[in-house]
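This is what each chain is made of:
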Amino acid sequence: MDKFIIQGGRRLRGDVAISGAKNATLPIMAACLLCEGESRILGVPEVTDVQHLSGLLGELGMEVARAADGLRLKVVDEQPCHARYDLVRKMRASVCVLGPLLAKRGRARVAMPGGCAIGSRPIDIHLRGLKALGAQLDLKEGDIVATAKRLRGAEVFLGGAFGSTVTGTANVVMAATLAAGKTVIEFAACEPEIEDLANFLNAMGAKITGAGSPRVTIEGVERLQATSHRVIPDRIEAGTFMVAAGITNGEVRLSQARLDHMLAVVDKLRQIGLIVERADGGAVVSSNRRISATDVTTQPYPGIPTDLQAQLMALLCSADGNSVITEKIYPDRFMHVAELGRMGANIRKEGPTAIVTGVKRLVGAPVMASDLRASAALVLAALAAEGETTVSRVYHIDRGYDRIEQKLARLGADIRRVSE
Ligand code: EPU
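Quick look at the structure, then. (Residues numbered from 1 in each chain as written. Predicted model: local features only at pLDDT ≥ 70, side-chain atom pairs only at ≥ 80, totals over all residues. Heavy atoms only, no water.)

### Concerning the site of the ligand
Under the convention used in this document: When we say a residue is near a molecule or strand, we mean one of its heavy atoms is within 4 Å of it. The term polar contact refers here to a pair of N or O atoms within 3.5 Å; inside protein, the definition further demands a hydrogen-donor-capable atom paired with an acceptor-capable atom, and it admits residues adjacent in sequence only when both atoms are side-chain atoms. For every accessible area listed, the method is Shrake-Rupley and the probe measures 1.4 Å; residues are considered covered only by the protein chains on display. Strands are runs of DSSP state E lasting at least two residues, helices are runs of H or I lasting at least four, and both sets are numbered from the N terminus onward.
Within the structure, the ligand sits among 22 residues, and Ile125, Thr165, Thr167, Asp307 and Ile329 are positioned closest to it. Within the side chain of Arg333, an N or O atom sits 3.4 Å from an oxygen atom of the ligand. Here an oxygen atom of the ligand sits 2.8 Å away from a polar atom, N or O, in the side chain of Arg373. Protein chains bury 89% of the 820 Å² of accessible surface belonging to the ligand in isolation. Mapped by element, the contributors of at least two residues to the shell around the ligand are α1 (22-31), α5 (124-132), α6 (166-177) and α12 (372-384).

This is how it looks when you write it as structure tokens:
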């Protein structure tokens, strides 16, 4: 297992290129199950979640190869339909194969994902949506077994107690592309990754309108043809590097970042004192003073994403005053609180809310990564802390950040990866 050793206190300066979005790439890879021919996906980040999904798609009869000109994906065998628990438990997003398998092969057996470090994360809404399209669903030995001769278009409501569901919307949109007739999804997730998926599917010949809004309409078609597509830049990686600039009082130019996908985050960062300026194809983010405290509430898009909650908390640990952070998507996503406490942060948790009292300076300590975004928060805190921090179990960060330590080192951070 690798760990990062970080000496804090360096101001970050320079340029960083933002990679393609992990959460756009994963459903787009799964969507390749729906089509004939070889698809090519450009801008795919080098993260282990992509490797995991490639392994699963390989078991499902797809050839997946990374080439200089992108990821190439082609179905060679339509017989397999079982996404085994062994693979699904490594990565919950594996469940995004359910909709495409069912729509294209008429059957799917997908292990029911269990809970994970950030909460219980049910998939009841995915199943409700697929059932509305005519799927027959059973639970066998912990697997969802779904069958349908041909799915039928329908009106589908995808809202839940915590708002919309991103992967649930992706699953139902993908399933509906090959259904007979028209599907209208109400309360669809509006995340840019859903719009990117719909753009990819439309380029394959699907007829989807309204993606990126709460109502998505899909006219089913008979078949889809492979295409090539460049995934959108990763707005969570971009937000993480913005915080890195702020937390070190540095100046970082982000290239290939889409500020239009990050308006709530940019607005919040400006409120607390960071300078965020649009630049050619990206942004320049800098800070030259102590930041002020604020309130942060995570929400579905276009609100502040839950995937940046931990990183914003790291930033607010040394703000001037008390900040209140409320998690509205995953009320238990606070594993980073105790680890930040080991670095001198003053954080009190009350239910889905954390009250952060700014301290003068964080101090280095050995800490442990618990999930992807929590580990990013620890790395950020370490960049600002006095002395040395060791972040262990960085396989969590490797799931979703493309060579983060190399990108940070190029900006002047003192960070090393070592094998434990
Ligand atoms: N929910 C239900 N029932 C469902 C589905 C979701 O109650 O059937 C609840 C969840 O428990 C949660 C909320 O609805 O409270 C939103 O969950 P959603 O389904 O939108 O999450 P997801 O699709 O499983 C994606 C991202 C996550 C990100 C969330 C929220 C991917 C592969 N994953 O997960 O990303 O946190 O949306 O924006 O797109 C990450 O990248 O670190 C990560 C966890």
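### Description of α12
Formally: Between the first and last residue of a helix there are one fewer steps than residues, each counted as 1.5 Å, and that sum is the expected span. Here the term buried applies to any residue with accessible area under 20% of the maximum for its type, exposed to any over 50%, and partly exposed to those in between, with areas from a 1.4 Å probe on protein chains only.
Between its terminal C-alpha atoms α12 stretches 19 Å, which fits the 18 Å expected from 13 residues at 1.5 Å a residue. α12 sits mainly inside the fold: 13 of its 13 residues count as buried. Its side-chain oxygen at 3.2 Å from the backbone nitrogen of Arg373, Asp371 defines the N-terminal cap of α12.

### Here's the deal with the sheet that holds strand β6 (residues 70-75)
Test applied: A pair of strands is considered paired only if DSSP assigns at least 2 bridges between the two. Fitted lines through C-alpha atoms give the axes, limited to the stretch in contact for helices. The angle between two N-to-C directions lies from 0 to 180 degrees. Residue contacts follow a heavy-atom distance rule, with two residues in contact if any of their heavy atoms lie within 4.5 Å.
Strand order in this open sheet of four strands is β5-β6-β4-β16, and the pairing throughout is mixed. If you trace the sheet from one side to the other, it starts and ends with β5 (62-67) and β16 (228-230), each paired once. Strand after strand, the sheet turns through a mean of 20° between neighbouring axes, direction not considered. Pairing analysis gives four bridges linking strand β4 (residues 38-42) to β6, with the strands arranged antiparallel. Across the sheet, the residue bridging to Arg40 is Arg72, located in β6. The strands touched by helix α2 (residues 48-59) are β5 and β6; relative to β5, the strand with the most contacts, the crossing angle is about 145°.

### A word on the sheet that holds strand β21 (residues 322-326)
Here four strands make up an open sheet; going across it, the order is β20-β21-β23-β22 and the pairing mixed. Each edge of the open sheet is held by one strand with a lone partner, namely β20 (295-297) and β22 (346-350). Recorded for the sheet is a direction-independent mean angle of 15° between the axes of neighbouring strands. Lying on the sheet, helix α10 (residues 309-316) is in contact with β20, β21, β22 and β23 (353-357); it crosses β21 at an angle near 170°.

### Topic: the nonpolar core
In a soluble, globular protein the nonpolar side chains are often hidden away together inside. Put simply, the rule reads: Residue types Ala, Val, Leu, Ile, Met, Phe, Trp, Tyr and Cys, when buried and joined through side-chain atoms within 4.5 Å, form a set referred to as a nonpolar core.
Core analysis: the biggest nonpolar cluster contains 75 residues, and Ile41, Val97, Leu201 and Ile208 have the highest contact counts within it. Contact partners of Leu201, with chain neighbours within four places excluded, come to Ala31, Leu34, Val173, Met174, Thr177, Ala206, Ile208 and Leu224.

### Quick word on the pairing of β4
Of the pairings in the sheet, the one linking β4 to β16 comprises three bridges and is parallel in character. In the sheet register, Ile41 faces β16, and the bridge partner there is His229.

### Here's the deal with the packing of α5 against α6
Formally: The cut-offs work like this: below 35 degrees is roughly parallel, past 145 is roughly antiparallel, 65 to 115 is roughly perpendicular, and the gaps in between are oblique. By convention the crossing between two helices is left-handed if the near helix lies anticlockwise of the far one by an angle smaller than a right angle, and right-handed if it lies clockwise. Amino acids outside the nonpolar list (Ala, Val, Leu, Ile, Met, Phe, Trp, Tyr, Cys, Pro) and the charged list (Asp, Glu, Lys, Arg) are all regarded as polar, and Gly is one of them.
Running from N to C, α5 and α6 cross one another at 20°; their axes reach a closest spacing of 8 Å. When the interaxial angle is binned, α5 and α6 end up roughly parallel. As for the relative orientation of α5 and α6, their crossing is right-handed in sense. Between α5, through His126, Gly129 and Leu130, and α6, the contact on the second element is made entirely by Thr167, Gly168, Asn171, Val172 and Ala175. For the contact of α5 with α6, the residue count by class is three nonpolar, five polar and no charged.

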